[in-house]
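# Summary of the model geometry
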Amino acid sequence: MREPNEKFGQPGAEIDEELERIEIELLLQGLYRWCGYDYRGYAYSSIRRRVWHRVHAESLPSISALQAKVLHDAACLGRLLADFSINVTEMFRDPAFFLCFRENVVPLLRTYPSIRIWHAGCSTGEEVYSMAILLQEEGLYDKARIYATDINPDVLSAAKAGEFPLGSMRTYTSNYQRAGGKNAFSDYYLAAHDKVIFHPSLSRNIVFAQHNLVTDGSINEFHVILCRNVMIYFNKALQEKVLELFYQSLGMLGFIGLGDKETIAYTSRSDCYAAVGPDQRLYRKIK
Ligand SMILES: C[S@@+](CC[C@H](N)C(=O)[O-])C[C@H]1O[C@@H](n2cnc3c(N)ncnc32)[C@H](O)[C@@H]1O
């Protein structure tokens, strides 16, 4: 079996790269037509890496062989979709972002009669429970409704359970404190063996639902949308499409938060938002 880029820099390398691209495009096209999951606008280098990982893991000779297998073997299809889903997350990830939210957005949310928040691409829920804790400490939780969505039903099931590894609590406690946390972080959970269970009162205003940012439409009009560390896996055209969905889903003067490697700058909607606070990927819709 030829490895990707084995002949890079030698005569024929361009042909191999072209052939590889054709095989990957056919695989993604087949996936889309077969099961409706559309990965055609994801960043090519990341998809390519994951496709080759699956080819090797299944001991297959080529990407075309993987295409045949995923179309006829539901278990293999599930494994490939799991490879495409990158679920890395943390509670109070990038604490400065949550501190900026607490200092700059919370005072304005206090003036609203009710608050609708959308966490798009919420993974296993750490970001959502972080927001729930922050809103509770600021006295805003009771009037908030949090919609937490992801493409992947398995991570949503984990998120609903509100259980996280005990071993992560040291990092999460430090993040919480740096994010301006007001209590002892351990007040929010009970430890049970190797995991912790967050207090059920934190999830009473959270709705978890499957939603695909690529193929599904808007689900409501929101005051706040957080979509952090998701669009980094999309190509430019898909980023534009999803930012347009968020623009249409955000009320005037609403807030949008992105991951620290993502930006509204240089997009077709850049002049519709103003940065909130210094140095954070937090913006307010101004037109
Ligand atoms: C790296 S995690 C980010 C989790 C969290 N927002 C954070 O910043 O810690 C990316 C999440 O985006 C989800 N995702 C990827 N493509 C998606 C899509 N088309 N629609 C909705 N969610 C998607 C993945 O399943 C994954 O759970």
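Just above sits the structure.
Presented here is a report on the structure given in the accompanying data block. (Residues numbered from 1 in each chain as written. Predicted model: local features only at pLDDT ≥ 70, side-chain atom pairs only at ≥ 80, totals over all residues. Heavy atoms only, no water.)

Looking now at the sheet that holds strand E7 (residues 222–227). Across the sheet, which stays open at both edges, the 7 strands sit in the order E6-E2-E1-E7-E8-E10-E9 with mixed pairing between neighbours. Two strands in the sheet have a free side with no partner beyond their single neighbour: strand E6 (206–210) and strand E9 (273–275). Looking at each pair of strands side by side, their axes are set apart by 20° on average, direction ignored. Bridge count for strand E1 (residues 115–120) against E7 is 3 bridges, and the pairing is parallel. Residue pairing for E7: Ile117 is matched across the bridge by Val224. Where helix H9 (residues 236–249) meets the sheet, its contacts fall on E1, E7, strand E8 (250–258), E9 and strand E10 (282–285), and the angle it forms with E8 comes to roughly 140°. (Pairing = 2+ DSSP bridges. Helix = DSSP H or I, 4+ residues; strand = E, 2+ residues; numbered from the N terminus. Axes fitted to C-alpha atoms, helices over the stretch in contact; angles between N-to-C directions. Contact = heavy atoms within 4.5 Å.)

In the neighbourhood of the ligand, 20 residues make up the surrounding shell, with Tyr42, Thr89, Arg93, Asp150 and Asn229 lying closest. For the ligand, a nitrogen atom lies 2.9 Å from a polar atom in the backbone of Leu213. Between the ligand and Arg228 there is a distance of 2.9 Å, counted from a nitrogen atom to a backbone nitrogen or oxygen. Protein burial of the ligand: of its 600 Å² of free accessible surface, 98% is covered by the chains. Its residues assigned to classes, the shell around the ligand comprises 7 nonpolar, 9 polar and 4 charged. (Near = heavy atom within 4 Å. Polar contact = N/O pair within 3.5 Å; in protein donor to acceptor, adjacent residues only side chain to side chain. Areas by Shrake-Rupley, 256 points an atom, 1.4 Å probe, with all protein chains shown as cover. Nonpolar A, V, L, I, M, F, W, Y, C, P; charged D, E, K, R; others polar.)

Another point: the side chain of Ser130. Examined against the element boundaries, Ser130 turns out to sit in helix H6 (residues 126–137). Leave out the neighbours within four places in its chain, and Ser130 touches Met91, Phe92 and Phe98.

For the rest of this paragraph, the subject is the packing of aromatic side chains. The geometry of an aromatic ring pair is captured by two quantities: the separation of the ring centres and the angle between the planes. Counted according to the given criterion, the structure contains 20 aromatic pairs. Taking 6.2 Å as the distance between ring centres and 70° as the angle between the ring planes, the aromatic pair formed by Tyr176 and Tyr188 counts as edge-to-face. A residue pair is termed long-range when its members are at least 10 positions apart, and Tyr176 in helix H8 (residues 169–178) and Tyr188 in the loop between H8 and strand E4 (189–192) qualify at 12 residues. Looking at Tyr188, the relative accessible area reads 7%, which means it is buried. Among the aromatic residues, ring-to-ring pairing joins Phe92, Phe97, Phe98, Tyr129, Phe164, Tyr176, Phe185, Tyr188, Tyr189 and Phe198 into one connected group. (Phe/Tyr/Trp six-rings, centres within 6.5 Å; stacked < 30°, edge-to-face > 60°. Buried < 20%, exposed > 50% of the residue type's maximum accessible area, 1.4 Å probe, protein only.)

Glancing now at the pairing of E10. The two faces of E10 match: Leu282 and Arg284 on one face and Tyr283 and Lys285 on the other face are all buried. For E8 and E10, the ladder comprises 3 bridges, and the chain directions are antiparallel. When the bridges of E10 are listed, Phe255 appears paired with Arg284. Where E9 meets E10, 3 bridges bridge the pair, whose relative direction is antiparallel. Among the inter-strand pairings, Tyr273 is bridged to a residue of E10, identified as Lys285. Joining the antiparallel neighbours E9 and E10 is a turn of 6 residues, in which Gly277 adopts a positive phi near 70°.

On their own, these measurements won't tell you what the molecule is for.
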